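# Per-entry structural report
In case you want the letters, here they are:
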Amino acid sequence: MIELNGLTKIYQKNVRGMLDISLRIERGEIFGFIGPNGAGKSTTVRTLLNLIYPTSGTATIDGKDIVKDAKAIRRQVGYIPSEVHFYASMDVQSFLDFSGRFYGRDFQARQRELVALLDLDVTRKIDALSFGNKKKVAIVAALQHAPKVLILDEPTSGLDPLHQHAFFDLLLAEKAQGTTIFFSSHILSEVEKICDRVGVIKNGELIQVSPIETLRKSTVKRVSLIVKEPFESRSKRIKDLIIDGDKVSFVYTGPIAQLLKIVDAQAIHDLTIENPSLEEIFMHVYERGTA
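### Brief notes about the layout of surface pockets
The computed volume of the largest pocket comes to approximately 730 Å³. In terms of lining residues, the largest pocket is bounded by 21 residues, among which Tyr79, Phe95, Ser99, Tyr103 and Ala141 are the most central. Looking at the lining of the largest pocket, the elements with two or more residues in it are strand S6 (77-80), helix H3 (92-100) and helix H5 (131-143). Within the lining of the largest pocket, the residues separate by chemical class into 15 nonpolar, 4 polar and 2 charged.

Below you can see the structure in the form of C-alpha cells.
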C-alpha cells in the first residue's frame, strides 16, 4: 500500500532530512516508524504527503505517485500532524463539516461516532480548546471520511491516558477493516502496543526494519542477580550496569552462551533473565546504528 524507493530529502546547506529510504508497507498493516526528535520522521511523513518535495527517489501510496498523483492520494489518506493548527474562529462542528466536504463522501454518521468516542464538545470554538482537545479534532477530521491509509505523526501527544486507550482501540478497529496505518512516534510503548512491524530511523537513515516480535526476541536481555560476592565482569556486552548492595542488574547484548559464562563466573543466590522493554531494545539498535 505504501512503497518508498530511495526517497531522499536534502535541505539547504546540505542538511539532510532523510537519505535513501526504501520501504514497503503492506495493506492492512500498522507500521511503526520510530526515532528521537530530529531523526527524520516528520520529514518522511511530510514528503509522503507531498507537503515538501523529495530531492530524489520515489514513493507511491496505493500505486499512485506521491508527487504526480498528490491530489488523488489526499482523497484516500487521513493525516494527523504532530502539531495541530486550525481556523481558530470556527467552532468544532463547523470545522469538521468543512474538512469532511473535501472528500465527496457521506461522513456524518462516522463523524458522530468518532465525536462520541472521544467525548468531544463540538459546540466550542477552536481557539478555546486545549491542545489535547485540538488533537481530538484532528483525529476525527482524519478518520471521518473512512480513508484507506492513515499517516500519523506523534498522534497521541496531548491526549490523556483514557483517550489514548480509546484511540488505540480505534486504530485496531481500522486495521481490522483493512486500513493501512503509518504510525510515527518516539514513544516506544505506544509502538509496542499496536504495531506489526517497526522501522528505526537515525540521522535520516533507516537502520533497521523488523517485526515487533523479532525485536522482542532479539539478543538483548535484561539480567538481574542477587550475588554472594561483589560482581565482577569486564565484558563490553554489559550495558546499564546497576549495583545496589547484593542486587545487580544490567542489559546484555550478544550470544546467550557468553552470557551464561559471565553468570557462571559469579557467586550468586538468584538469577532472572528477561526480555527487555522495547525501549531498551531500541537503544541497543540505535547505539549500534546498523541493520
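### Describing the sheet that holds strand S12 (residues 238-244)
Ordered by their spatial adjacency, 4 strands build an open sheet running S12-S13-S11-S14, and the pairing between neighbours is antiparallel. Only two strands of the sheet have a single neighbouring strand rather than two, namely S12 and strand S14 (268-274). Taken pair by pair, the neighbouring strands of this sheet meet at an average axis angle of 15 degrees, ignoring direction. In terms of strand pairing, strand S11 (residues 220-227) meets S14 through 6 bridges, oriented antiparallel. Directly across from Arg222, in S14, lies its bridge partner Glu274. Along the sheet, helix H9 (residues 256-264) makes contact with S11, S12, strand S13 (247-253) and S14, crossing S13 at roughly 160 degrees.

### A word on the side chain of Asn50
Counting through the fold element by element, Asn50 comes out in the loop between helix H1 (41-48) and strand S4 (56-61). Taking relative accessible area as the criterion, Asn50 reaches 12% and is therefore assigned buried. The residues contacting Asn50, other than those within four sequence positions of it, are Ile66, Val67, Ala70 and Arg74.

### A few points about the nonpolar core
One finds Val92, Leu96, Ile139, Leu152, Phe167, Leu171 and Phe183 to be the most contacted residues of the largest nonpolar core, which totals 42 residues. Per element, the largest residue contribution to this core is 7 residues, and it comes from H5. Contact partners of Leu152, with chain neighbours within four places excluded, come to Ile80, Phe167, Leu171, Ile181, Phe182, Phe183 and Ser184. By size, the runner-up hydrophobic cluster in this structure holds 23 residues, among which are Ile21, Ala59, Val77 and Phe182.

### Details of the pattern of salt bridges
Overall, the coordinates contain 11 salt bridges when judged by the stated rule. Asp196 serves as the salt-bridge partner of Lys175, at 3.0 Å between the closest nitrogen and oxygen. Separated by 21 residues along the polypeptide, Lys175 in helix H6 (residues 161-176) and Asp196 in the loop between helix H7 (188-194) and strand S9 (197-202) bring together distant segments of the chain. With a relative accessible area of 27%, Lys175 lands in the partly exposed category. By relative accessible area, Asp196 is classed as partly exposed at 29%. Each of Arg27, Asp62, Lys64 and Lys148 takes part in salt bridges that share partners, so that together they form one network.

### Concerning the sheet that holds strand S8 (residues 180-185)
Taken together, the 6 strands give an open sheet; going across it, the order is S6-S7-S8-S3-S9-S10, and neighbouring strands pair in mixed fashion. Among the strands making up the open sheet, the edge pair consists of S6 and strand S10 (205-211). The sheet shows a mean angle of 15 degrees between the axes of neighbouring strands, direction not considered. Across 5 bridges, the pairing between strand S3 (residues 30-34) and S8 is parallel. Within the sheet, the bridge partner assigned to Gly32 lies in S8 and is Phe183. Strands S3, S6, strand S7 (149-153), S8 and S9 of the sheet are contacted by H1, whose axis makes an angle of about 150 degrees with S8. Of the strands in this sheet, S3, S6, S7 and S8 are in contact with H6, which crosses S8 at around 145 degrees.

### Focus on the packing of aromatic side chains
Applying the stated criterion to the full structure yields 7 aromatic pairs. Each ring, one from Phe167 and one from Phe168, has its centre 6.3 Å from the other, and the planes form 40 degrees; the classification is tilted. Phe168 gets classed as buried once you look at its relative accessible area, which sits at 4%. One aromatic cluster is present, built from ring pairs that chain together Phe31, Phe33 and Phe182.

### Some words on the packing of H3 against helix H4 (residues 108-117)
At their nearest, the axes of H3 and H4 sit 11 Å apart, and the two run at 140 degrees to each other. As summarised for this structure, H3 and H4 are arranged oblique, according to the angle between their axes. When the axes of H3 and H4 are compared, the crossing they make is right-handed. In contact with Gln93, Leu96 and Asp97 of H3, H4 contributes Gln108, Gln111 and Val115. Here the residues of the contact of H3 with H4 are counted per class, giving 2 nonpolar, 3 polar and 1 charged.

### Digging into the pairing of S4
Of the pairings in the sheet, the one linking strand S1 (residues 2-10) to S4 comprises 5 bridges and is antiparallel in character. Within the sheet, the bridge partner assigned to Asn5 lies in S4 and is Thr58. Of the strand pairs in this sheet, S4 and strand S5 (residues 64-65) are connected by 2 bridges, and their pairing is antiparallel. Paired with Thr60 across the two strands is Asp65, which belongs to S5. Connecting S4 to the next strand, S5, in antiparallel fashion are 2 residues, including Asp62 with a positive phi near 55 degrees.

Each value, and the rule that gives it
Residues numbered from 1 in each chain as written. Predicted model: local features only at pLDDT ≥ 70, side-chain atom pairs only at ≥ 80, totals over all residues. Heavy atoms only, no water. 1 Å grid on protein atoms, 1.4 Å probe; cavity = no way out; pocket = protein on both sides within 12 Å on 5 of 7 lines; lining within 4 Å. Points joined across faces, edges and corners; volume = space filled by probe spheres on them. Helix = DSSP H or I, 4+ residues; strand = E, 2+ residues; numbered from the N terminus. Nonpolar A, V, L, I, M, F, W, Y, C, P; charged D, E, K, R; others polar. Pairing = 2+ DSSP bridges. Axes fitted to C-alpha atoms, helices over the stretch in contact; angles between N-to-C directions. Contact = heavy atoms within 4.5 Å. Buried < 20%, exposed > 50% of the residue type's maximum accessible area, 1.4 Å probe, protein only. Core = buried A, V, L, I, M, F, W, Y, C linked by side-chain atoms within 4.5 Å. Salt bridge = Lys/Arg side-chain N within 4 Å of Asp/Glu carboxyl O. Phe/Tyr/Trp six-rings, centres within 6.5 Å; stacked < 30°, edge-to-face > 60°. Parallel < 35°, antiparallel > 145°, perpendicular 65-115°, else oblique. Left-handed = near helix turned anticlockwise from the far one by under 90°.

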